[in-house]
Amino acid sequence: PEAERTTQVKRLMQARSLVKTAKSDEELREARAQVQAAKVALGERGPVWWDDGAPDEGGIAPQASSYAAWWAGLDAECRAKG
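Residues numbered from 1 in each chain as written. Predicted model: local features only at pLDDT ≥ 70, side-chain atom pairs only at ≥ 80, totals over all residues. Heavy atoms only, no water.

1. Notes on the overall build of the protein chain
Of the regular secondary structure elements, the protein chain holds 4 helices and 0 strands. Listed N to C, the secondary structure of the protein chain is α-α-α-α in terms of helices and strands. Against the globule reference of 12 Å for 82 residues, the protein chain gives a C-alpha radius of gyration of 17 Å, more extended than a compact globule. Taken over the C-alpha atoms alone, the protein chain extends approximately 45 × 30 × 20 Å along its principal axes. By residue count, 11% of the 82 residues in the protein chain fall in the buried class. In the protein chain, once contacts between residues fewer than 6 apart in sequence are set aside, the share between residues at least 24 apart is 27%. Counting every atom, the protein chain has about 6,500 Å² of accessible surface; 55% of that belongs to carbon and sulfur. (Helix = DSSP H or I, 4+ residues; strand = E, 2+ residues; numbered from the N terminus. Rg over C-alpha atoms; globule rule 2.2 N^0.38 Å. Buried < 20%, exposed > 50% of the residue type's maximum accessible area, 1.4 Å probe, protein only. Contact = heavy atoms within 4.5 Å. Areas by Shrake-Rupley, 256 points an atom, 1.4 Å probe, with all protein chains shown as cover.)

Below is the structure:
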């Protein structure tokens, strides 16, 4: 739901701010844990939440994935930007 997404985005931004201002290793670990928790809640990390039957291609370079033809069709400037 939109309200939940808004809450989690706010939590993520606050946690990212804490990462920048952490003054000790413990504060940094806690802030990073909060970032991770917010990203999992937003579906950006953690277990796959969809099931479309496609293989997980996370971490695979686009030119070595099922997106290779699309990647090859981009101009050099776009490919350089990643």
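2. Some thoughts on helix H1 (residues 2-21)
For H1, built from 20 residues, the straight-helix expectation of 28 Å at 1.5 Å per residue is met to within 8% by its first-to-last C-alpha distance of 29 Å. Along H1, the residues classified as buried are Gln8, Leu12 and Ala15. One face of H1 carries all of its buried residues, which in axial projection span an arc of 70 degrees. Pointing more than 90 degrees away from the buried face of H1 are the exposed residues Ala3, Lys10 and Lys20. For H1, the elements touching its buried residues are helix H2 (25-41). (Expected span 1.5 Å × (residues − 1). Arc of directions from axis to C-beta.)

3. Focus: a nonpolar patch on the surface
Judged by side-chain polarity, Val48, Trp49 and Trp50 come together as a nonpolar surface patch covering roughly 380 Å² of accessible area. Looking at where tryptophan 50 falls in the secondary structure, it is placed in the loop between H2 and helix H3 (68-73). Judged by relative accessible area, tryptophan 50 falls into the partly exposed class, the value being 44%. (Patch = residues over 30% accessible without salt bridge, like charges linked within 9 Å, V, L, I, M, F, W, Y side chains within 5 Å. Salt bridge = Lys/Arg side-chain N within 4 Å of Asp/Glu carboxyl O.)

4. Side note on the environment of alanine 22
Along the chain, the position of alanine 22 falls in the loop between H1 and H2. With a relative accessible area of 25%, alanine 22 lands in the partly exposed category. The residues touching alanine 22, leaving out its near neighbours within four places in the chain, are Glu27 and Leu28.

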